[in-house]
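Descriptive structure summary
Single-letter residue listing:
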Amino acid sequence: MDLLQHIDGIYEAAVVPEKWPDVLGSMSREVSGDGAVLFTFAREDMSWTTSSDLRETFIEFLRDGWAAINPRPVRLSAANHPGFVRDSDFFTAEELDRDPVYAFYRSRGIGWAVGTMLDTPSGDSMVFSFERAFAKGPVPLEVVQGFDRIRPHLARGAMLAARLGLERARSMADTLLALGLPGGVLDRRGRLVASNALLDALVPTTLQDRRHRLVLSDPLADGLFEAVVSNQAMPVAGGRSIPIAAAIGRTAMIVHLLPIAGVANDVFSVGRLLLVVTPVDRALVPSAEVIQGLFDLTPAEAKVARSIGEARSVDDIAAAQGVSRETVRAQLKAVMAKTGLSRQQELVSLLAGRQLPFG
């Protein structure tokens with residue numbers, strides 16, 4: 001058994017996240033294991049990757065809610081041990097026999113493990129867990145010792161990966177600055193991890209960079225924003241756009257939230273959403289094409305929104321477009337849902353850049 005031969009693979013995976021499943025699988029096979037899991041978590045949020053032989057089992061584990069009652073991370077954290085430990089070190093045999101999560105493990109052929117918990121620079125906790133078939137018995141002590149020898153490299157690899165993730169986030173914000181757009185990067189809890197000077201200039205009138213997450217100054221907009229970053233209304237492939245009403249000292253704006261491509265493959269990525277802010281011109285009602293892009297509307301919905309912004313009635317719009325008023329009303333209802341507004345006049349005011357009477 002020579003786990004140290006996997007050092008190069010660990011550092012390669014730190015730079016190329018797609019390599020983690022192969023590295024985990026190789027290390028697991030080195031100790032006659034049956035798969036491995038790497039995950040980072042903070043509160044209920046979790047990012048993960050596994051060796052290929054354990055992937056379907058772990059997906060089932062998450063899907064059926066076992067992660068929410070998994071006792072391993074709790075015991076690992078409480079042990080506060082600066083090394084790898086076996087589940088047999090901090091659970092009694094009776095506890096293992098009674099625990100429903102371990103019953104799930106055993107039903108899938110596993111049931112013994114050796115793991116360690118590390119802290120990342122982003123404040124998340126990270127767990128490496130190497131699984132072993134239940135039929136093989138508890139993990140041997142020499143395997144634990146072997147993992148302890150390679151643990152410093154796992155910790156340094158995680159540190160490197162986290163720093164690279166932060167640099168990528170800063171690069172994204174700088175690219176938006178070069179395009180003249182206020183922008184930044186949010187982590188999976190909605191906290192601002194990188195921003196450019198144009199976005200910073202919007203604090204605190206439009207945005208508030210609070211400790212728990214970024215907050216939009218407009219209460220209605222912030223409710224929509226919170227729903228997205230809390231995973232209650234995850235953006236689709238094209239993203240999600242949220243209107244911010246005009247107020248004293250603040251023009252009307254649109255906040256765009258775009259999923260960052262590829263982060264599903266990077267368990268250490270600090271960025272989950274790209275944040276871009278665009279103002280609504282006070283002088284002009286935006287064109288249908290601009291409205292379509294701002295709010296992710298269909299072409300027909302965008303035309304209706306523009307017409308409403310010009311203070312035209314539903315009957316006038318229906319006559320001009322040669323459709324029924326029911327069709328226009330259905331399209332208007334979709335527009336209101338996508339913009340997060342509740343009254344037609346609010347849409348008129350938003351597109352004209354006027355302050356909305358919220359509150």
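Because the structure is predicted, anything quoted here is derived from the model rather than measured.

Bringing the pairing of strand 7 (residues 192-195) into the picture now. With 3 bridges connecting them, strand 6 (residues 183-186) and strand 7 associate as antiparallel partners. Residue Leu186 lies in a different strand from strand 7, and its bridge partner there is Leu192.

This paragraph deals with the pattern of salt bridges. Under the definition given, this model contains 14 salt bridges. For Asp34, the salt bridge is made with Lys136, and the minimal N-O distance between the two is 3.1 Å. Of this pair, Asp34 sits in the loop between helix 2 (20-30) and strand 1 (36-42) while Lys136 is found in the loop between strand 5 (125-133) and helix 8 (141-178), placing the two residues 102 residues apart along the sequence. Judged by its relative accessible area of 26%, Asp34 is partly exposed. Lys136 sits in the partly exposed class, given a relative accessible area of 40%. The partner of Arg72 in a salt bridge is Asp87, and the shortest N-O contact between them spans 3.5 Å. Within this pair, whereas Arg72 is found in helix 4 (residues 71-79), its partner Asp87 is found in helix 5 (residues 87-90), the two being separated by 15 residues in sequence. Residue Arg72 shares its accessibility class with Asp87, and that shared class is buried.

Next up on the list: a nonpolar patch on the surface. A surface patch of nonpolar side chains, about 200 Å² in accessible area, is lined by Val15, Val16 and Leu160. Tracing the chain through its elements places Val15 in helix 1 (residues 7-15).

Let us now look at the nonpolar core. Core analysis: the biggest nonpolar cluster contains 43 residues, and Met27, Phe84, Phe128, Phe130, Phe147 and Ile150 have the highest contact counts within it. Residue assignment for this core shows that the elements contributing at least two residues are helix 1, helix 2, strand 1, helix 3 (55-63), helix 7 (100-107), strand 4 (110-119), strand 5 and helix 8. With 6 residues, the single largest contributor to this core is helix 8. Once residues within four sequence positions are removed from consideration, Phe84 is found in contact with Val114, Gly115, Thr116, Phe128, Phe130, Val144, Phe147, Asp148, Arg151 and Leu154. Membership of the second largest hydrophobic core comes to 20 residues, among which are Leu202, Leu224, Phe225 and Leu273.

What counts, and at which threshold
Residues numbered from 1 in each chain as written. Predicted model: local features only at pLDDT ≥ 70, side-chain atom pairs only at ≥ 80, totals over all residues. Heavy atoms only, no water. Pairing = 2+ DSSP bridges. Helix = DSSP H or I, 4+ residues; strand = E, 2+ residues; numbered from the N terminus. Salt bridge = Lys/Arg side-chain N within 4 Å of Asp/Glu carboxyl O. Buried < 20%, exposed > 50% of the residue type's maximum accessible area, 1.4 Å probe, protein only. Patch = residues over 30% accessible without salt bridge, like charges linked within 9 Å, V, L, I, M, F, W, Y side chains within 5 Å. Areas by Shrake-Rupley, 256 points an atom, 1.4 Å probe, with all protein chains shown as cover. Core = buried A, V, L, I, M, F, W, Y, C linked by side-chain atoms within 4.5 Å. Contact = heavy atoms within 4.5 Å.

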